[in-house]
Amino acid sequence: MGRVRRTLGRPWFITVLVTGVVLVGAGLYWFQPWKLWVDETVRDPLPVAEAGGGAQAPPKDLARGKLISHEHATSGSVRILRLADGTRVLRLTDLAMYLSAGVVLR
């Protein structure tokens, strides 16, 4: 226990530790390794529910509209669909949000 306390109390160890934490944080910020696993584009097909007789009925539009901008410029369209089994689906298409400094979320 005394050896650990002596090592942690030395100025060079604290300097190396703080420098390492700063470098790891900067590396994560600049290289963003989590983007290797994150898919930003979703291309899901429209879900299809079977009607009572086993036939697939097309979904029915309950409502549709365009997105409006409030705090950030936003564009895209929204549809609420009712499937043959009565479930409802919210469908967002062509969604884009324009943030400050030229950052665009699509």
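Quick note: structure is the one above.
Since the model is a prediction, treat every value here as computed from it, not as a measurement.

Within the chain, the regular secondary structure consists of two helices and four strands. Listing each helix as α and each strand as β along the chain from the N terminus yields α-α-β-β-β-β. Here the chain displays about 9,100 Å² of accessible surface, and carbon together with sulfur accounts for 62% of that area.

A separate point is the pairing of strand S2 (residues 73-82). Direction of pairing for strand S1 (residues 60-66) relative to S2: antiparallel, over a ladder of six bridges. Note that in S2 the partner of Arg64 across the bridge is Arg79. Counting the residues in the hairpin turn of S1 and S2 gives six residues. When S2 meets strand S3 (residues 88-98), the two strands line up antiparallel, connected through nine bridges. Opposite Ile80, over in S3, you have Leu90 as the bridge partner.

Another aspect to go through is the environment of Arg43. Examined against the element boundaries, Arg43 turns out to sit in the loop between helix H2 (11-31) and S1. Along the backbone, Arg43 and Thr93 are 50 residues apart, and their C-alpha atoms lie at a distance of 9.9 Å.

Conventions and cut-offs
Residues numbered from 1 in each chain as written. Predicted model: local features only at pLDDT ≥ 70, side-chain atom pairs only at ≥ 80, totals over all residues. Heavy atoms only, no water. Helix = DSSP H or I, 4+ residues; strand = E, 2+ residues; numbered from the N terminus. Areas by Shrake-Rupley, 256 points an atom, 1.4 Å probe, with all protein chains shown as cover. Pairing = 2+ DSSP bridges.

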